[in-house]
Amino acid sequence: MDYGTFRGLYTLLLMLMMFGIIAWAYSKRRKASFDEAANLVFADDEQPSADNKNAGAKQ
């Protein structure tokens, strides 16, 4: 196997990996988890309770 054949096989392997990642990212099975991850930015944090507000004022 010469160097040109090795480079061709390596290129083919990388192309197959790229198409595999694209297929994984756009698959319908992953859509729900990707939508959930995208909306994590907008998730509200828990509101501090009245006890925590009073504890901060005492310090």
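Residues numbered from 1 in each chain as written. Predicted model: local features only at pLDDT ≥ 70, side-chain atom pairs only at ≥ 80, totals over all residues. Heavy atoms only, no water.

The chain is annotated in an unreviewed UniProt entry as Cbb3-type cytochrome oxidase subunit 3 of Aeromonas bivalvium.

Examining the packing of aromatic side chains
All chains considered together, the criterion is met by two aromatic pairs. Between Phe 6 and Tyr 10 the ring centres are 6.4 Å apart and the planes differ by 20 degrees, which places this aromatic pair in the stacked class. Taken together, the residues Phe 6 and Tyr 10, both in helix H1 (residues 3-25) and four residues apart, mark about one turn of the helix. Geometrically, the ring pair formed by Trp 24 and Phe 34 is edge-to-face, given 5.5 Å between the ring centres and 90 degrees between the ring planes. Pair noted here: Trp 24 is in helix H1 and Phe 34 is in helix H2 (residues 31-38), with a separation of 10 residues, a long-range link. Given the relative accessible area of 32%, Phe 34 is considered partly exposed. Above the plane of the ring of Phe 34 lies Arg 30, whose end atom (NZ or CZ) is 5.2 Å from the centre. (Phe/Tyr/Trp six-rings, centres within 6.5 Å; stacked < 30°, edge-to-face > 60°. Helix = DSSP H or I, 4+ residues; strand = E, 2+ residues; numbered from the N terminus. Buried < 20%, exposed > 50% of the residue type's maximum accessible area, 1.4 Å probe, protein only. Lys NZ or Arg CZ within 6 Å of the ring centre and 35° of its normal.)

Some thoughts on the confidence of the model for the chain
For the chain, per-residue confidence averages 84 on the pLDDT scale, and residues scoring 70 or more make up 76% of the total. The spread of mean pLDDT over the elements of the chain runs between helix H3 (residues 50-58), the lowest at 60, and H1, the highest at 96. (pLDDT = per-residue confidence, 0-100.)

Quick look at the pattern of salt bridges
Pairing is possible between side chains that carry opposite charge, provided their charged atoms lie close to one another. Under the criterion given, the structure shown has one salt bridge. The partner of Lys 31 in a salt bridge is Asp 35, with the nearest N and O atoms 3.1 Å apart. Pair noted here: Lys 31 and Asp 35 are both in helix H2, with a separation of four residues, about one helical turn. (Salt bridge = Lys/Arg side-chain N within 4 Å of Asp/Glu carboxyl O.)

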